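Architecture and fold: a report
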Amino acid sequence: MSAQWHPGQLLFVGFPGRTIPPDLAACIREGRVGGVILFKRNVGEPSEVRAGP
């Protein structure tokens, strides 16, 4: 993550489906979003949350 501040770092985002879209994954790696919210549509079983990507 760069030392430069990004407005997106204040945002928590959601996504459709059970797989994180590649462009969102890149933004997370780069520190350009503050966090990710998981909704029911993102998880089938609790073990999927523990397993991670």
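Overview of the structure. All values derive from a computational prediction rather than experimental measurement. (Residues numbered from 1 in each chain as written. Predicted model: local features only at pLDDT ≥ 70, side-chain atom pairs only at ≥ 80, totals over all residues. Heavy atoms only, no water.)

1. Let's talk about the overall build of the protein
To keep things clear, this is the line we draw: Each helix is a run of DSSP H or I of at least 4 residues and each strand a run of E of at least 2, with the numbering of both proceeding from the N terminus. For each residue, the accessible area found with a 1.4 Å probe, counting protein chains only, is set against the maximum for its type, and the residue is called buried under 20%, exposed over 50%, and partly exposed in between. Under the convention used here, a 1.4 Å probe and the Shrake-Rupley method define accessible areas, while residue burial counts only the protein chains that appear.
On a plain count of helices and strands, the protein comes out with 2 helices and 2 strands. Ordered by position from N to C terminus, the α and β elements of the protein give β-α-β-α. In the protein, which comprises 53 residues, the proportion classed as buried is 19%. Counting only carbon and sulfur atoms, one obtains 61% of the accessible surface of the protein, whose full area is about 4200 Å².

2. Side note on the environment of Gly8
Where we set the bar: Should any heavy atoms of two residues lie within 4.5 Å, those residues are considered in contact.
You can see Gly8 is positioned in the segment before strand 1 (12-13). Between the C-alpha atoms of Gly8 and Gly31, which are 23 residues apart in sequence, the distance is 8.7 Å. Contacts of Gly8, omitting those with residues within four sequence positions, involve Arg32, Val33 and Gly34.

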